[in-house]
Amino acid sequence: MAAASAGTLEEDLTVLWTLLCAFFVFFMQSGFALLESGSIRNKNVKNVLLKNVVDASIAVMCWWAVGYAFAYGDCEENGFIGYANFFSSDSSSSGGLYWALWMFRWAFSATATTIVSGAVAERCQFRAYAAYTGWMTAFIYPVVVHWVWSNSGWLSASRRGCDDVEYSPYFGATNGLLDWGGAGVVHMVGGGAALMGATVLGPRLGRFLPDPVGGVSRWEPSSPTNMALGVFILWLGWYGFNAGSVKCFTGCMSIAAKIAVNTTLSVGASALTCLLLAVVLGDAGDIGPLLNGVMAGAVSITGACALVQEYAAFVIGVVAAFVYTGSSKLLLRLRIDDPLDASPVHFFCGIWGLLAPGFFATETNVQAAYHYANDWGVFYGGSGRQLGVQVLGVVSIAAWTCSLSALAFLLLRKVGWLRVPREVEIAGLDFAQGLQRSRLRQYTADIHRAHDAAPAAELRDAEGAQHGARSADLVLHGRPAHGAAAAVGQKGWQQANGGTAAGGSMSSLCEV
């Protein structure tokens, strides 16, 4: 009786720990919502909040219906995809631990999906986003989960038969792919999809100024306060993300504590390095680089947080800052518009986070985390085979995610579902949803006619454009509105709102 009670208590504590961490991971949705709504312009805030709530809700339905089955299925299935337990049909008699893990894993799937929202903000149609979210949660993400985290996946470090006690990775001289918290499974998948979405959608109107002037328009975020609060919430949620991945309580808290410390060190190192790089490169020492540094460090340590020593977590965070900064500037050079830098933070730093265990994982830490150690990082005497598997994981996840995501976005563009019309983007997605399309067309036509009649004006630089007359004409052509153009723009705003000036300022419509 005493032994049975002890066993029940141990399971109950594991269930409690897993549920609490699942709630922390789900709370990250609040962080994403605050960060994304604070980073974009006022005219699109409600739209991006709507998408954040909807993608979490769609993730619930898809994960329950097919996602969990594709991801985990049953033991001894094929290494590519699961195919059992649709709609949790085989789990009616399962204990509390099954359902706690279901919640924890669903929260991960919702996180991967919501990463895409920031990259396609301010110009993506709602129906396209809803369709893509379903595709992502129901198929793209679960297949990668099956590869890496199921007990039959071809890359899994937990691969074994139904009755086997010992793990048997497909690549026998290694541990399989070491991705403790999901640098590849969650962040590369979400970030790769974000990169494809931003590329296929194209940049926001006015983001890149036309030649010969060139340059990048830098628009003021709607709420730096929300940005900072959102990142703090995400930082907090990351402890549930990484430490919760121990999935046990008794005998596991020492590993969870080490994970929390490593996560903290990487985040702090990356944030400060990003800020320093911004200053050295001549950018303003603003809050943006600091916040993105926090995110970059958190993503980069996710795959290795249980496997490395503390100094290595610091090094991983410092390198993450260089990865983020370099990839962010590369996207601007390529004229790929990612409003929140979702792909530099999640995809490129996710790649680094997946490679890091191949360099820094120690034999002792791998043994403690996975209960066996066939190989470990090359800096600690590993054979190099583990690093090879990490590289294979990067290539496989990137190829799968980017190809299927690009296919989905191209198909949506082909049928005319992907990008909002020009006049809707100019007016703002929040504003346009309450207008008749005919009034919007009339409004933008008035602006174009007024622009043709207005005196020529030189292009302002991106910084000065934020302080002049703010009109739709600036968004369209990179030119400030003068004289007749500004007047007609104000008139069009009033007509579109039934004769009210909505605060008396055209800038509230096309605030940049």
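Scope of this entry: the structure provided in the associated data block.

Calculation rules
- Residues numbered from 1 in each chain as written.
- Predicted model: local features only at pLDDT ≥ 70, side-chain atom pairs only at ≥ 80, totals over all residues.
- Heavy atoms only, no water.
- Helix = DSSP H or I, 4+ residues; strand = E, 2+ residues; numbered from the N terminus.
- Expected span 1.5 Å × (residues − 1).
- Buried < 20%, exposed > 50% of the residue type's maximum accessible area, 1.4 Å probe, protein only.
- Axes fitted to C-alpha atoms, helices over the stretch in contact; angles between N-to-C directions.
- Left-handed = near helix turned anticlockwise from the far one by under 90°.
- Contact = heavy atoms within 4.5 Å.
- Nonpolar A, V, L, I, M, F, W, Y, C, P; charged D, E, K, R; others polar.
- Disulfide = S-S within 2.5 Å.
- Patch = residues over 30% accessible without salt bridge, like charges linked within 9 Å, V, L, I, M, F, W, Y side chains within 5 Å.
- Areas by Shrake-Rupley, 256 points an atom, 1.4 Å probe, with all protein chains shown as cover.
- Salt bridge = Lys/Arg side-chain N within 4 Å of Asp/Glu carboxyl O.
- Lys, Arg positive; Asp, Glu negative; His and termini not counted.
- Charge placed at Lys NZ, Arg CZ, Asp CG, Glu CD.

1. Things to note about helix α8 (residues 287–302)
Structural remark: α-helix, 3.6 residues per turn; residues separated by three or four positions point the same way. With 16 residues, α8 should reach 22 Å at 1.5 Å per residue; the first-to-last C-alpha distance of 23 Å fits that figure. The buried fraction of α8 amounts to 14 of the 16 residues, a majority that puts the element mostly inside the structure.

2. Things to note about the packing of helix α5 (residues 183–201) against helix α12 (residues 385–414)
With their axes 8 Å apart at the nearest point, α5 and α12 run at an angle of 35° to one another. Crossing geometry of α5 relative to α12 is assigned as right-handed. Across the interface between the two elements, Gly-184, Val-185, Met-188, Val-189, Gly-192, Ala-193, Met-196, Gly-197 and Val-200 of α5 pack against Val-394, Ile-397, Ala-398, Thr-401, Cys-402, Ser-405, Ala-406, Phe-409, Leu-410 and Arg-413 of α12. Looking at the contact of α5 with α12 residue by residue, the classes come out as 13 nonpolar, 5 polar and 1 charged.

3. Quick word on the state of the cysteines
All chains considered together, the criterion is met by 1 disulfide. Each disulfide pairs two cysteine sulfurs, and for Cys-248 the partner residue is Cys-252, the sulfurs being separated by 1.7 Å. Across the S-S bond linking Cys-248 and Cys-252, the dihedral sits near -105°, which makes this disulfide left-handed. The class of Cys-252 is buried, set by a relative accessible area of 10%. This cysteine, Cys-349, is not joined by any disulfide, and Cys-274 carries the nearest cysteine sulfur, 7.6 Å off. When its relative accessible area of 0% is taken as the criterion, Cys-349 is described as buried.

4. Some details on a negative patch on the surface
On the surface, a cluster of negative charge is made up of Asp-74, Glu-76, Asp-90, Asp-163, Asp-164 and Glu-166. Along the chain, Glu-76 turns up in the loop between α2 (45–71) and α3 (96–119).

5. Considerations on unusual backbone geometry
A negative phi angle is the norm for most residues apart from glycine, just as the trans form is the norm for most peptide bonds. Positive phi is not limited to glycine here, since Asn-85 has a value of about 75°. When you line up the elements, Asn-85 lands in the loop between α2 and α3. Residue classification places Asn-85 among the buried positions, given a relative accessible area of 9%.

6. Regarding the packing of α5 against helix α10 (residues 342–360)
Closest axis-to-axis distance for the α5/α10 pair is 7 Å, and the angle between their directions is 145°. Regarding α5 and α10, the two cross each other, and that crossing is left-handed. Contacts between α5 and α10 involve Ala-183, Gly-184, His-187, Met-188, Gly-191, Gly-192, Ala-194 and Leu-195 from the former and Ala-342, Ser-343, His-346, Phe-347, Phe-348, Gly-350, Ile-351, Gly-353 and Leu-354 from the latter. Among the residues forming the contact of α5 with α10, the class breakdown is 9 nonpolar, 8 polar and no charged.

7. A few points about the pattern of salt bridges
Overall, the coordinates contain 7 salt bridges when judged by the stated rule. Of the charged contacts, one joins Arg-204 and Asp-337 as a salt bridge, the two residues approaching to 2.7 Å between their closest N and O atoms. Taken together, the residues Arg-204 in the loop between α5 and α6 (224–243) and Asp-337 in the loop between α9 (310–333) and α10 connect sequence positions 133 residues apart. Among the residues examined, Asp-337 registers a relative accessible area of 0% and is labelled buried. The residue Arg-207 makes a salt bridge to Asp-337 at a minimum N-O spacing of 3.2 Å. Highlighted residues: Arg-207 in the loop between α5 and α6 and Asp-337 in the loop between α9 and α10, separated in sequence by 130 residues. Residue Arg-207 is classed as buried on the basis of its relative accessible area of 11%. A single network of salt bridges, built from pairs that share partners, joins Arg-41, Glu-122, Arg-204, Arg-207 and Asp-337.

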